[in-house]
There are 4 protein chains.
Amino acid sequence: MNMQTEQLKTLRDAAFRASQNAYVPYSKFAVGAALLMRNGNVITGCNVENVSYGLANCAERTAVFRAIAEGYNGADIVAVVVYTPGQKAYAPCGACRQVLAEFLQPETLITSTSEQASQQWRLTDLLPDAFHFDVSAYRE
Amino acid sequence: MNMQTEQLKTLRDAAFRASQNAYVPYSKFAVGAALLMRNGNVITGCNVENVSYGLANCAERTAVFRAIAEGYNGADIVAVVVYTPGQKAYAPCGACRQVLAEFLQPETLITSTSEQASQQWRLTDLLPDAFHFDVSAYRE
Amino acid sequence: MNMQTEQLKTLRDAAFRASQNAYVPYSKFAVGAALLMRNGNVITGCNVENVSYGLANCAERTAVFRAIAEGYNGADIVAVVVYTPGQKAYAPCGACRQVLAEFLQPETLITSTSEQASQQWRLTDLLPDAFHFDVSAYRE
Amino acid sequence: MNMQTEQLKTLRDAAFRASQNAYVPYSKFAVGAALLMRNGNVITGCNVENVSYGLANCAERTAVFRAIAEGYNGADIVAVVVYTPGQKAYAPCGACRQVLAEFLQPETLITSTSEQASQQWRLTDLLPDAFHFDVSAYRE
């Protein structure tokens, strides 16, 4: 899809607002994510950390899990915009790329924005040769 | 808190409906969770799996992450009801107990229900001596 | 099993030494774990963190994964001793309890030690009503 | 580095043997990984699953965690070879790519092999624009 500048700004604002809900007492690194759904709705997420660091959940995954819980099909996600604090606009971590790859089309645009920067990728550029397979086929 | 029978039934129904949104192509084990919030609202979650099994997220955690993303404080969660398929009512896994312990009071009631069974615990009974600490204090 | 004082000291020393290998640039909280195996060998682990906090792995899990990779059966683990820094002896997080419960007998002793304290539990006390099930049975 | 054919074969054999230790009652998908260390040693890992799917650990991560626990520095890892079952040679999942990126040089070669196929990438090709940052710098 081609996102209009205005739509991107709306998503970026939603991601920024979501970052304000982040629970990040350990990293202090508050991230927000906004998913544009096929029906035009926007689903947001933030990172939620834990004293056992390995149980932290990133903003992108929170948004995806929330979309599924709200009854969307993962294939309904048509664009992802992330807000990361600081100067650089950080790309999603590998775990989030993998979760996105479970649901999104490879060409889906992922945009990261910060106060001063912005970067955009297709999902397939962030996770080339994604690990995917037809489990049921394998089992036979 | 003491939950009324009717309130418990409402939460159980919400958890069951949430389980119908679960994305479980690998385990086929569709779980739903419902959080009762201090303001009376109910926030639900379902499990969301991944071809890389370690990136699966359980229903309880989906609900907690969603509550935080919606702007709630973790301390606003006053009861948790889970729906698990099959005969037995399964308790949350250890990872979910740890995520719940990050936010809930130790006395918070966790109820698991299935088609034919029900079990109830206080969080502190599910995760005694929970791993917790004041990170900032440790750092000095 | 009943651990002799001397055996416990050996395991505690192994856990402490393992903690010195911990990769903890984010939390600075270096933990070590030592597993006593049925054949008398000791397998150790430390925590290994990641800039994406959710990909951190605790010491207890590192030790279990290592034991499996070395060809042990999970049932060969007969005792677990953990070293945590600071004054208090911290219990394993919920995720580690769940991983231990996949393999260990419920009565297996888990001991946590720090410079100044020590605590001991049976696994079943740390993760009562552990989430377990016969997946293959469920599938039919 | 340029791996000799013979060295690659040695690593591939080690990864295959490691896969035979995999604990995979849920996916039945037994993976092995072998790390070539700077000193010529080989450290292996396998996947270790859990009834709570999200607590599964992949072979690549088991090998990295084991290397750290054995006292290696992550920077000592100079090549990674994975064995995956079936016909296709699968690339590591996103979570494993992120854990590898915490430690390896971007140019490090990752090779995946199966019974009938083989693929090779540089780490930077598998996880372009990897999420990395200097946390301490951010905190100020």
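Sequence order sets the numbering: in each chain, residues are counted from 1 along the sequence as written. Going through the entries in the order they are written, you letter the chains from A and number the ligands from 1. Where local features are concerned, this predicted model is filtered to residues with pLDDT of at least 70; where side-chain atom pairs are given and counted, the filter is 80 or more; whole-chain, interface and lining totals use all residues. Computation of side-chain values covers all heavy atoms of the structure but excludes hydrogens and water.

K.L.:
Can you lay out the interface of chain C and chain B for me, pointing to particular residues and giving the numbers?
P.N.:
Residues are treated as being in contact if the distance between any of their heavy atoms lies within 4.5 Å. On the side of chain B, 27 residues touch chain C, which itself brings 27 residues to the contact. Counting each side, the surface lost to burial between chain C and chain B is near 2,100 Å², with a carbon and sulfur contribution of 57%. Any Lys or Arg side-chain nitrogen located within 4 Å of an Asp or Glu carboxyl oxygen qualifies as a salt bridge. Applying the counting criterion to the chain C and chain B interface returns zero salt bridges. Pairs of N or O atoms are called polar contacts if they sit within 3.5 Å, as long as, within protein, a hydrogen donor faces a hydrogen acceptor (for residues adjacent in sequence, only side-chain-to-side-chain pairs). The interface formed by chain C and chain B includes eight residue pairs in polar contact (both at pLDDT 80 or more). The term buried area means the drop in 1.4 Å probe accessible area that two parts suffer when joined, counted for both and summed.

K.L.:
Would you mind going over the UniProt feature "binding site: Zn(2+)" (unreviewed entry) in chain A in detail, with residue names and values included?
P.N.:
The positions that UniProt labels "binding site: Zn(2+)" (unreviewed entry) are, in the present scheme, A:C58, A:C93 and A:C96. A maximum C-alpha distance of 8.4 Å is found for the annotated residues, which run over 39 residues; spatially they form one tight group. Think of it this way: any DSSP run of H or I at least four residues long counts as a helix, any run of E at least two long counts as a strand, and we number them from the N terminus. With respect to the secondary-structure elements, A:C93 resides in the loop between β3 (77–83) and α3 (94–103). The class of A:C93 is buried, set by a relative accessible area of 3%. Other than its neighbours up to four places away in sequence, A:C93 contacts A:C58, A:R61, C:S52, D:Q98 and D:F131. Its location among the elements puts A:C96 in helix α3. UniProt positions are given in the numbering used here, feature names are shortened, and annotations may be inferred rather than shown by experiment. Any residue under 20% of the maximum accessible area for its type is buried, any over 50% is exposed, and the rest in between are partly exposed; the area is computed with a 1.4 Å probe on protein chains only.

K.L.:
So, the pairing of strand β5 (residues 118–122) of chain B: which residues are in play, and what are the values?
P.N.:
Residues and elements named next belong to chain B. Two strands form a pair only when DSSP identifies at least two bridges running between them. As judged from the five bridges shared by strand β4 (residues 109–113) and β5, these two strands associate in the antiparallel manner. The residue bridging I110 from the neighbouring strand is W121, located in β5. Once β4 ends, the chain turns through four residues before running back antiparallel as β5.

K.L.:
Summarise the environment of D:K28; cite the residues concerned and give the values.
P.N.:
Residues and elements named next belong to chain D. Of note, K28 is situated in the loop between α1 (5–19) and β1 (32–37). Classification of K28 as partly exposed rests on a relative accessible area of 48%. When the C-alpha atoms of K28 and E49 are compared, they prove to be 9.7 Å apart, with 21 residues separating the residues in sequence.

K.L.:
Please provide a residue-by-residue account of the relation of the copies chain A and chain B, values included.
P.N.:
Only residues with pLDDT of at least 70 in both copies count here: their C-alpha atoms drive the least-squares fit that superposes the copies. You can overlay chain A on chain B at an RMSD of 0.0 Å; the transform is a turn of 180° with a shift of 0.0 Å along its axis. Here the two chains are linked by the operation of a two-fold rotation axis. Among all C-alpha atoms of chain A, that of A:R66 lies closest to the rotation axis, at 2.8 Å. Interface residue correspondence from chain A to chain B reaches 100%, placing this contact among same-surface, isologous pairings.

K.L.:
Break down the UniProt feature "binding site: substrate" (unreviewed entry) in chain A for me, citing the residues and quoting the values.
P.N.:
Mapped onto this numbering, the UniProt entry annotates "binding site: substrate" (unreviewed entry) at A:N47, A:V48, A:E49, A:N50, A:V51, A:S52 and A:Y53. Inspection of the secondary structure puts A:E49 in the loop between β2 (42–46) and α2 (59–69). Setting aside chain neighbours within four positions, we find A:E49 in contact with A:Y23, A:V24, A:P25, A:Y26, A:S27, A:A56, B:E102, B:F103 and C:Y53. Mapping A:S52 onto the fold places it in the loop between β2 and α2. A:S52 has contacts with B:Q98, B:F131, C:C58, C:R61 and C:C93, leaving out every residue within four places of it along the chain.

K.L.:
How would you explain the environment of B:V80 if you had to name every residue and give the values?
P.N.:
All names here are of chain B. Turning to its location among the elements, V80 is positioned in strand β3 (residues 77–83). Among the residues examined, V80 registers a relative accessible area of 1% and is labelled buried. Placed 16 residues apart in sequence, V80 and V64 show a C-alpha to C-alpha distance of 9.8 Å. In contact with V80, other than residues within four places in its own chain, are A34, L35, L100, L104, L109, I110 and T111.

K.L.:
Hey, could you go over unusual backbone geometry for me, with residue numbers and the actual values?
P.N.:
All names here are of chain C. Not every positive phi belongs to a glycine, and K28 is a case in point at roughly 60°. Of note in this structure, D129 is not a glycine but carries a positive phi near 50°. On the basis of relative accessible area, D129 is assigned to the partly exposed category, the value being 41%.

K.L.:
Summarise the relation of the copies chain C and chain B; cite the residues concerned and give the values.
P.N.:
Each copy of the sequence occupies a distinct position, and chain C is placed on chain B by a rotation of 180° and an axial shift of 0.0 Å, giving an RMSD of 0.0 Å. A symmetric contact is evident, with 100% of the interface residues of chain C recurring at the interface of chain B.

K.L.:
Which residues make up the packing of helix α2 (residues 59–69) of chain C against helix α2 (residues 59–69) of chain D, and what values go with them?
P.N.:
Working convention: axes come from line fits to C-alpha atoms, limited for helices to the stretch in contact. Angles between N-to-C directions cover 0 to 180 degrees. Packing of α2(C) against α2(D) brings their axes to within 9 Å, and their N-to-C directions diverge by 105°. By the angle between their directions, the pair α2(C) and α2(D) is classed as roughly perpendicular. Contacts between α2(C) and α2(D) involve C:T62, C:F65, C:R66 and C:A69 on the former and, on the latter, D:T62, D:F65, D:R66 and D:A69. Residue polarity follows a fixed list, in which Ala, Val, Leu, Ile, Met, Phe, Trp, Tyr, Cys and Pro are nonpolar, Asp, Glu, Lys and Arg are charged, and the others, Gly among them, are polar. Split by residue class, the contact of α2(C) with α2(D) holds four nonpolar, two polar and two charged. Oblique is the label for any angle not under 35 degrees, not over 145, and not in the 65 to 115 range, which are roughly parallel, roughly antiparallel and roughly perpendicular in turn.

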